[in-house]
Amino acid sequence: MKNRLWRIILAFVIFIAALFINPYLFGLSLTLFIASYILIGGDVVLRAGRNILRGSVFDENFLMSIATIGAFAIGEYPEGVAVMLFYQVGELFQSYAVDKSRKSITSLMDIRPDYANVKRGDELVQTDPDEVSVGELIVIKPGERVPLDGKVLEGYSMVDTTALTGESVPREVNVGDDILSGCINLNGLLIVKVSKEYGESTVAKILDLVENASSKKSKSEQFITKFARYYTPIVVIIAVLLTIIPPLVFEGTTFSDWIYRALTFLVVSCPCALVISIPLSFFGGIGGASKSGILVKGSNYLEALAKTEIIVFDKTGTLTKGVFNVQEIHPEGLSKEELLELTAYAESFSNHPISHSLKRAFGKEIDNERISNIQEIAGHGVSALIDDQEVMAGNFRLMEKNNISYFKGEVAGTVVHVAVNRNYAGYILIADEIKADAAQAISQLKNLNIKHAFMLTGDTQSVGIKVAKDLGLDKVYAELLPGEKVEKLEEIFSQKSEGGKIVYVGDGINDAPVLARADIGIAMGGLGSDAAIEAADIVIMNDEPSKIATAIKISKKTLKIARQNAGFAIGIKVAVLVLSAFGLATMWEAVFADVGVTVLAILNSFRAMDVKGL
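Since the model is a prediction, treat every value here as computed from it, not as a measurement. (Residues numbered from 1 in each chain as written. Predicted model: local features only at pLDDT ≥ 70, side-chain atom pairs only at ≥ 80, totals over all residues. Heavy atoms only, no water.)

*Asks:* Would you explain unusual backbone geometry in this entry?
*Replies:* Trans peptide bonds make up the majority, and among non-glycine residues the majority have a negative phi. Residues other than glycine seldom take positive phi values, yet Asn403 does so here, at roughly 55 degrees. Among the secondary structure elements, Asn403 is positioned in the loop between helix H13 (396-401) and strand E16 (414-420). Looking at Asn403, the relative accessible area reads 72%, which means it is exposed. One non-glycine residue, Asn449, lies in the positive phi region at around 65 degrees. Here Asn449 lies in the loop between helix H14 (438-447) and strand E18 (452-456). The class of Asn449 is exposed, set by a relative accessible area of 65%. (Helix = DSSP H or I, 4+ residues; strand = E, 2+ residues; numbered from the N terminus. Buried < 20%, exposed > 50% of the residue type's maximum accessible area, 1.4 Å probe, protein only.)

Below, the structure written as structure tokens:
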């Protein structure tokens, strides 16, 4: 890019010198015009020649070469040089724009680790992450990038996940926690046992996704590619006819006049503004999304997302946290604290997730000396002696088996009934927690004119209805197996319009068939989920459902910018083409219609990268 800039500056200086030379020194001024032209346009003419030999005749190099050489042939030397000069300025600006846009995406490439510190015997060996095996121990010092996925064996630290999630708040890692490649270790020394080879690590999968994002073209980009293929030869044919027919038909006209008009016509017709600005808009949109922790696998998915009519959500892990916690405590004859304490003690020896949630809610150390005679009754619950009191905790079957009357109301979640000395002591409700921004996410989607928001879940009808009601979803389909989710999605397809799209949002763990069947599959929580990165078209790297609305806003903005560029470029070019055909536009207007429009369209495309406030 620097070489081109210096060539432009030098050619411009020579061009200015040629313009101000005394008209009587024609030979010198012509020499300077030719020198300036060769310096600035020689590579364009050579490319045009090479492309003709390869059978690819009609491209912008050919149009610019014919137009400028033709200008020299009819004695319009300043126009010939000026057209090529401004064309190269436009190309320089285009290269800068593409480079800037690419950097916005490939800034993610900064997550690629350069080395790993491997413990081998008593030595610490610095090696390539590719050469580290599963099971080996690596040492991650403060300030270093985590090179491989693994489990923390020693140490405590905060890690920066900005490059993966777009979130600036550091995450805490402790002994026993999983740690992901691509994060930056901020303050503590960590010893990590490697769980995946580099090729299978989170960072490698994300890099592969980003590197291939630009290969999947949107329909708009595909149309422009086809358009340019047919448009350019048609324009050349019209220019030839414009050169030959009018001088033969209209009296008092000269060939030189119509050749000039035809050359102006060729300069205007160069499709650069369309060919570069539309792909650049989508490239910028993908880059802006990546800054927000949203990975889009191709501009085709970004374009389709703007046409979303129906969004279908999985429940667990998508709208809810997927972690069961105590939600309500309803004691009878004792305090909430006493009921929770007795239940946590009774369940303390069980490994069931319900038991873990009870112990977590109790939050105190269990004194095993107080517990005796523990019995786990399969499919029912547990019983134990706690401080010589018989405590039973379990489902309704346990109560019925022991002829204890219990609460029989309809609630959304898992109910743990408790009896003390065979007297009913109340119940504890355990349920999955709705994510903090889930309701906000649904509200934002409805503000974006999404027609329907549905939920598919394998959970019970009562739980599904409660979650749907709390979040403002339009409908819920509950108690579905993974295969039945696909069948239900097929039914939902009949509710969208011909051009509308259906988006399915899941956690990527067991949703692969539904993610694949939807028009666009979005996986939540891609940070740490290989399945999410593999299965979905769009991956939201953290657990925030509100990022879905952000992705749609980015998509709509990108598509709007691409359409603005196309409309602006075509409108200006058609107007100047008509003017040039009637002799009302010179090559200077033609240069604006080509280079000027290209530069303005590129500047407009930069807006797609700005996602602040969306």
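*Asks:* Any chance you could explain the UniProt feature "transmembrane region" (unreviewed entry) in the chain here in plain terms?
*Replies:* Per the UniProt record, "transmembrane region" (unreviewed entry) is annotated on residues 5-21, 27-46, 227-246, 258-283 and 566-585. Taken end to end, residues 227-246 comprises 100% helix and 0% strand; its first and last C-alpha atoms sit 28 Å apart. Across residues 566-585 one finds 80% helix and 0% strand; the C-alpha atoms that close the span lie 22 Å apart. (UniProt positions renumbered as here; feature names shortened; annotations may be inferred.)

*Asks:* Whenever I open this one, the sheet that holds strand E11 (residues 308-314) confuses me. Can you help?
*Replies:* The strands that make up a sheet are held in pairs by hydrogen bonds between backbone atoms, and each pair lies either parallel or antiparallel. Spatially, E10-E22-E21-E20-E11-E18-E19 is the arrangement adopted by the seven strands of the open sheet, whose pairing is mixed. Two strands bound the open sheet, and with one partner strand each, they are strand E10 (294-296) and strand E19 (475-477). Here the average twist between neighbouring strands, direction ignored, is 20 degrees. Relative to the sheet, helix H19 (residues 546-581) contacts E10, E11, strand E20 (501-506), strand E21 (520-523) and strand E22 (538-540), its axis offset from that of E11 by approximately 155 degrees. (Pairing = 2+ DSSP bridges. Axes fitted to C-alpha atoms, helices over the stretch in contact; angles between N-to-C directions. Contact = heavy atoms within 4.5 Å.)

*Asks:* What am I meant to see in the nonpolar core here?
*Replies:* One broad rule of soluble globular proteins: the nonpolar side chains tend to lie buried together. Of all hydrophobic cores here, the largest spans 49 residues; its most connected members are Ile311, Phe313, Leu473, Ile522 and Ile548. Counting residues domain by domain, this core receives three or more from each of domain 1 (1-106 + 214-280 + 558-609) and domain 3 (294-319 + 435-541). By size, the runner-up hydrophobic cluster in this structure holds 47 residues, among which are Phe33, Tyr37, Val81 and Ala585. (Core = buried A, V, L, I, M, F, W, Y, C linked by side-chain atoms within 4.5 Å. Domains from an automatic or database assignment.)

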